[in-house]
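Letter by letter, the chains look like this.
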Amino acid sequence: MQDPILSFGLEPRSEAERAYLEAAFEDGDPALIAAVIGDIARARGMTQIAKDAGLTRDTMYKAFRREGNPTLETLTSVLKALGLKLAAVQSSVIYAVLA
């Protein structure tokens, strides 16, 4: 099975960050994924990440909280500022046959 973190082009800075991202992607909840990306941005320095993404800190805090809903443009700008990228990969779905 392909590593879910690597399949999204993410290169976390630490094993803890990697595990945190992996858990969010495995959960699959878009709000959780956005919140985790926000946590990583805060840990790396929200002011600089916002500047690099061409956003205000306020926009970052609003978009990347649990209740936030970043636009695709905001999400990709922040991922780029974090040195990350988003890529689509085919998921492996296992279907159960009910008798």
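Residues numbered from 1 in each chain as written. Predicted model: local features only at pLDDT ≥ 70, side-chain atom pairs only at ≥ 80, totals over all residues. Heavy atoms only, no water.

**Notes on the environment of Gly54**
And then number 1: Checked against the element boundaries, Gly54 lands in the loop between helix H4 (46-53) and helix H5 (57-63).
And then number 2: Taking the C-alpha atoms as reference points, Gly54 and Thr74, separated by 20 residues in sequence, lie 9.1 Å from one another. (Helix = DSSP H or I, 4+ residues; strand = E, 2+ residues; numbered from the N terminus.)

**Digging into the confidence of the model for the protein chain**
And then number 1: Here the protein chain averages 81 in pLDDT, while 79% of its residues score no lower than 70.
And then number 2: Predicted confidence in the protein chain is weakest over helix H1 (residues 4-7), with a mean pLDDT of 43, and strongest over H4, with 96.
And then number 3: This stretch, residues 1-10, has a pLDDT under 50; its non-local contacts, to residues over four places away or in other chains, come to 25 contacts. (pLDDT = per-residue confidence, 0-100. Contact = heavy atoms within 4.5 Å.)

**Quick look at helix H6 (residues 72-81)**
And then number 1: Taken residue by residue, H6 has Thr74, Leu75, Val78, Leu79 and Ala81 as its buried positions. Down the axis, H6 shows its buried residues gathered within 160° of arc, on one side only. Along H6, exposed side chains directed more than 90 degrees from the buried face belong to Leu72, Glu73 and Lys80.
And then number 2: Note on H6: the residue one or two positions beyond its end, Gly83, has a positive phi of about 80°. (Buried < 20%, exposed > 50% of the residue type's maximum accessible area, 1.4 Å probe, protein only. Arc of directions from axis to C-beta.)

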